[in-house]
Amino acid sequence: MNLSVSKAQSTATISYTVSFPEAQAHYADIEMHISDLKQNILDLKMPVWTPGSYLIREFAKNIESFSVDAGGKSLASPKINKNTWRIASKGISALTIKYRVYANEISVRTSYIDASHGFLSSSGIFIYPANMLHQPSTIHIKPYKDWSRVSTSLEMVNGDSFTRVSPNYDILFDSPIEVGNQDVFGFDASGVKYEICMYGGGNYDKERLKADVHKIVEQEAAIYGENPNKHYVFIVHNHLRGGGGLEHLSSTVLGASRDAYGTEKGYQNFLGLVAHEHFHLWNVKRLRPIVLGPFNYDTENYTTNLWIAEGFTEYYQGIVVRRTNLYPPENYLDVLVSEFNILENLPGKNVQTVAESSFDAWIKAYRPNENSNNATISYYNKGAIIAMMLDLEIINNTKGVHSLDDVMKYMYAEYYKTKKRGYTDTEFKKACEKFAGKKLDDFYKNYINGLTPVDYNKYLGYAGYKITDELADNSDPALGLTTVTNGNKKIIVTTVMRGTAAYIDGINVGDELTAIDDNPITDAATMLNGKKPGDKVNVTLIRDGLTITLPVTLLKNARVKYKIVPVDSTTPQQLLVQKKWLSL
């Protein structure tokens, strides 16, 4: 579009009415009003993805009954591609667009509506006019039956909870909306009003949650020196089994298991999720890789830095909960070593770098297959380990004067607040070097852009710790596969790990295991009883309806199970690092 058209578009007034006449069937009805139009052609678009979840989700697939009206006259609105409707609007100043959205996918990233509540993940609900992402809009909610509450970080209009306003589409698409009868309670922290909105019930203790989440919020704000919000909302969906979270600018959506709050492990896991998603309000929502905003909602937005955006956040969720003293150092070390064990038991650690893992998130991370463990890693997991390594390197090299906290605070102030843009990979590296007091060329070459095995003992050694492998003396044999027993009691191979006996000798995913040395397999857990590494066995299986017998040489189970333990004796320097790192 030409410049004159863009200027004309900036005067448009936009509003939405969202109603739920068939909530029980998972529908929301949207009526969109646009006035003060001055262009000949108007393209209306639906985002194809939602920020924070790096997968093209094709939200337009859920839209039906799309119609356009101008002064009582129906207008044609042909689709010109998968997510764009085109309207000839010459001489027309106002339009009404109506459409329905089918919302029946339970996750923190997608909308879900039923008779009990409506969760609106905004990027999959609201169509926007092309070239008008800067435009404000008003959203009016018409609740279903007895729904009485709206929870969102969008501001009210004239004190009306059911009418909200968004200053632009980036904020609208970053502001999920919960409508129903959710349990709402809250607290004030760092000068910010916090709301916790619970849907689905659960055995949570409100007062304990308020106190503990308050501690987490204060600890995280202390890292950056400020809390940039006025109002922040935790939307929590409690299900029989739930998990996951998605960050937003001034809110987050969390998935939880409604009865898990009653155990210490379940409760601490929830606090870790809170700490993770809340930390994102700085790291990634404001301090961000340069390509992650302004967003292109039509296609992928590639970055090699999700190991910082997500991995560092994964690291900090444990460190922050530790700093609140909500669990002791031993618990934190257990959380940390679980990250080691995940990475070290993935053959993909020798194939995919963490930078590649970040860039390929769009096609690999959210589309795993049976070979993913052999070819990929998680930028969450390895990113958290890299954050630990950098934190300990900085603390050790500066004798406790600086830590990774200083890098994060500096980057937030320098790029979000001062330069008002995201950072490049080189700029983040320079900041790490600034506080480490040394060049990190080899570190980046080895661990970010390379496949060098992590030297855990070097970095943990700075703080007086080391790793031991609890399975080091294990001599059990293994095929190197996982199975599932289906409803017909057939044992089906679901993964085959690279370099194992099954991989080398040709057992495939999808094979049905039936016998070893002509002995029928009734239990996958005991099928190698009496065997040892080096034994040659005949594995009988069914593949594509044909019975096949494969000679297989058993290998030693290569899995590791690390534990973090103190070194035999600690130096004053190690004690200094340990105290700084673990907030002792």
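In this text the structure is predicted, and so the values were computed from the model without any measurement.

## Some details on the pattern of salt bridges
Item 1. Per the counting criterion, the structure on display carries 25 salt bridges.
Item 2. Across the salt bridge formed by Glu58 and Lys82, the nearest N and O atoms sit 2.9 Å from each other. Residue Glu58 is found in the loop between strand S3 (41–45) and strand S4 (63–70), and its partner Lys82 is found in the loop between strand S6 (79–81) and strand S7 (84–88); the two are separated by 24 residues along the sequence.
Item 3. Look at Glu58 and you get partly exposed, because its relative accessible area is 29%.
Item 4. For Asp212, the salt bridge identified is with Lys215, shortest N-O distance 3.9 Å. In this pair, Asp212 and Lys215 are both assigned in helix H3 (residues 206–224), 3 residues apart and thus about one turn of the helix distant.
Item 5. What makes Lys215 partly exposed here is its relative accessible area of 37%.

## Points about the confidence of the model for the chain
Item 1. Model confidence for the chain is summarised by a mean pLDDT of 96, while 98% of its residues fall at 70 or above.
Item 2. Note on residues 1–9: pLDDT is under 50 here. Beyond four places in sequence and across chains, it has 11 contacts.

## Section: empty space enclosed by the protein
Item 1. Evaluated as defined, the whole model comprises 3 cavities of 30 Å³ or more.
Item 2. As a volume, the largest cavity reaches approximately 80 Å³.
Item 3. Leu343, Glu344, Lys349, Asn350, Lys382, Leu451, Thr452, Pro453 and Val454 are the residues that line the largest cavity.

## Thoughts on the environment of Val48
Item 1. Looking at where Val48 falls in the secondary structure, it is placed in the loop between S3 and S4.
Item 2. Filtering out sequence-adjacent residues up to four positions away, Val48 remains in contact with Leu55, Ile56, Arg57, Glu58, Phe59, Lys82, Asn83, Tyr297, Asp298 and Thr299.

## Quick look at the sheet that holds strand S1 (residues 13–19)
Item 1. Read from one edge to the other, the open sheet built from 8 strands follows the order S5-S4-S8-S2-S1-S12-S15-S14, with strand pairing classed as mixed. Strands with a single pairing partner mark the edges of an open sheet, and in this sheet they are strand S5 (73–75) and strand S14 (155–157). Pairwise comparison of adjacent strand axes, ignoring direction, gives a mean angle of 30° for this sheet.
Item 2. Across 3 bridges, S4 lies against S5 in antiparallel orientation. Residue pairing across strands places Val68 opposite Leu75, the latter belonging to S5.

## Here's the deal with unusual backbone geometry
Item 1. Cis geometry marks the peptide bond from Gly293 to Pro294, where omega comes out at -5°.
Item 2. Residues other than glycine seldom take positive phi values, yet Lys145 does so here, at roughly 45°.
Item 3. Considering the arrangement of structural elements, one finds Lys145 in the loop between strand S12 (137–142) and strand S13 (149–151).
Item 4. Given a relative accessible area of 70%, Lys145 falls into the exposed group.
Item 5. Even without glycine at this site, Ser583 takes up a positive phi of about 55°.

Basis of the calculations
- Residues numbered from 1 in each chain as written.
- Predicted model: local features only at pLDDT ≥ 70, side-chain atom pairs only at ≥ 80, totals over all residues.
- Heavy atoms only, no water.
- Salt bridge = Lys/Arg side-chain N within 4 Å of Asp/Glu carboxyl O.
- Helix = DSSP H or I, 4+ residues; strand = E, 2+ residues; numbered from the N terminus.
- Buried < 20%, exposed > 50% of the residue type's maximum accessible area, 1.4 Å probe, protein only.
- pLDDT = per-residue confidence, 0-100.
- Contact = heavy atoms within 4.5 Å.
- 1 Å grid on protein atoms, 1.4 Å probe; cavity = no way out; pocket = protein on both sides within 12 Å on 5 of 7 lines; lining within 4 Å.
- Points joined across faces, edges and corners; volume = space filled by probe spheres on them.
- Pairing = 2+ DSSP bridges.
- Axes fitted to C-alpha atoms, helices over the stretch in contact; angles between N-to-C directions.

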